[in-house]
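Observations on the three-dimensional arrangement
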Amino acid sequence: MDYKSLFTEISILLKAMDDRGEVASYIPELGKVDPGSFAMHLTSVENLGFGLGAMDERFSIQSIAKVLSLAVAFDLEDDRLWRRVGVEPLGSPFNSLVQLEYENGIPRNPLINAGALVVCDILVSRLEHPERDFIAFVRKLAGNPDIDYSPRISASEKRTGFRNAALVNLMKAYGNIENDADTVLNVYLNLCSIEMSCRELAQAFLFLAAGGVNPLTGERVVSVSKSKRINAIMLLCGFYDEAGEFAFKVGLPVKSGVGGGIIAIHPGNYSVAIWSPRLNEKGNSYRGMKILEFMTTWTQSSIF
Ligand code: GLU
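Below, the structure is looked at part by part. (Residues numbered from 1 in each chain as written. Predicted model: local features only at pLDDT ≥ 70, side-chain atom pairs only at ≥ 80, totals over all residues. Heavy atoms only, no water.)

Once that is clear, we can look at the pattern of salt bridges. Tallying each qualifying case throughout the model produces 19 salt bridges. Among the ionic pairs, E77 bridges to R126, the shortest N-O distance being 2.5 Å. Remark: R126 occurs in helix 4 (residues 113–126) and E77 occurs in helix 2 (residues 65–77); sequence separation between them is 49 residues. On the basis of relative accessibility, which here comes to 12%, the residue E77 falls in the buried class. Among the salt bridges present, the one from R84 reaches D121, with a minimum N-O distance of 2.6 Å. Placement of the pair is R84 in the loop between helix 2 and helix 3 (98–102) and D121 in helix 4, with a sequence separation of 37 residues. (Salt bridge = Lys/Arg side-chain N within 4 Å of Asp/Glu carboxyl O. Helix = DSSP H or I, 4+ residues; strand = E, 2+ residues; numbered from the N terminus. Buried < 20%, exposed > 50% of the residue type's maximum accessible area, 1.4 Å probe, protein only.)

Written out as structure tokens, the structure reads:
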């Protein structure tokens, strides 16, 4: 693929592109970000890198972390994981309580809040030091030892995260949370608070474009089969209730976060991270989605 020409085209497109929507502010600290920020970085499986904008500036990755916690829990639990969380798209907001009540405390998928809370419960049960072990995993994937949680962001969300508290307690009532609900909630909020740059994100997710192997170290992160399945879950569930639209217009496994970040994977080819904090009405980065649509159109290459 001619990534160099692609990035030249994207930089021209970006200059003419409008930017719409609002920065997420239900977590007060997220509302302080500069709405006009922009960064993008693509890393190919051959470890070639291409970037634009503030590609080394760190931002709150929020729900993007849910894919990495899924990778750890799936590796630990194998198919036992699917007794506690499904693999179906939701079609309602990411923090909805309604489906959980109807379906007896089993979340639809691991990329919505309820599913990620179950995944965090597994990390608490299975890892000696869940937060320490998880951040070590992320640092190794990204090849950068100073990636960290943001106590400022997690404290901000702790003060306002009543829905997440409700989700974890409802699942506890159904017997789908083994550990203390507050402990699990804390791990979840810390995971969401991780700050990374687009360059680091693209590097950290490259194993999902490379059949489960981290090209930086040559180490296997997850099996080929698990890598395929995580990509499938991303395609179906990674873009809030706009996942169908994203598959239709872009055609890549993806995960977005309310911090305005998006990570997308082209299995066998590349991972690409974009950060542009203004969100559309479905909670996805407005410019991020437009640029990814342009990318797969211009390269004539999606997974389909
Ligand atoms: N920490 C956020 C929440 O639980 C994550 C939301 C997201 O990025 O989807 O509300």
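Remark: helix 7 (residues 162–173) packs on helix 8 (residues 181–192), axes separated minimally by 10 Å, with the N-to-C direction vectors making an angle of 135°. What the angle tells us is that helix 7 and helix 8 run oblique. In the crossing of helix 7 with helix 8, the sense of the turn from one axis to the other is right-handed. Contact residues: helix 7 offers N164, A165, V168 and N169, while helix 8 offers A181, V184, L185, Y188 and L189. Residues that form the contact of helix 7 with helix 8 fall into these classes: seven nonpolar, two polar and no charged. (Axes fitted to C-alpha atoms, helices over the stretch in contact; angles between N-to-C directions. Parallel < 35°, antiparallel > 145°, perpendicular 65-115°, else oblique. Left-handed = near helix turned anticlockwise from the far one by under 90°. Contact = heavy atoms within 4.5 Å. Nonpolar A, V, L, I, M, F, W, Y, C, P; charged D, E, K, R; others polar.)

Here the focus is the site of the ligand. The immediate surroundings of the ligand are formed by 14 residues, with Y26, Q62, S63, Y188 and Y240 found nearest. Between the ligand and Y26, the relevant distance is 2.6 Å, taken from an oxygen atom to a side-chain nitrogen or oxygen of the residue. Here the shell around the ligand is composed, by residue class, of seven nonpolar, five polar and two charged. (Near = heavy atom within 4 Å. Polar contact = N/O pair within 3.5 Å; in protein donor to acceptor, adjacent residues only side chain to side chain.)

Along its 14 residues, helix 4 runs 20 Å from first to last C-alpha, staying within 8% of the 20 Å computed at 1.5 Å per residue. For helix 4, the tally of buried residues reaches 12 of 14 residues, placing the bulk of the element in the interior. Of all the residues in helix 4, the buried ones are N113, A114, G115, A116, L117, V118, V119, C120, D121, I122, L123 and V124. Contact partners of the buried residues in helix 4: helix 2, helix 3, helix 5 (130–142), helix 7 and helix 8. (Expected span 1.5 Å × (residues − 1).)

Okay, unusual backbone geometry next. At N104, a residue that is not glycine, the phi angle is positive and equals roughly 55°. Mapped onto the fold, N104 is located in the loop between helix 3 and helix 4. Despite not being glycine, Y240 has its phi angle at roughly 50°, a positive value. With respect to the secondary-structure elements, Y240 resides in strand 7 (residues 238–241).

It is worth stressing that arrangement in space is one thing and function is another; only the former is reported here.
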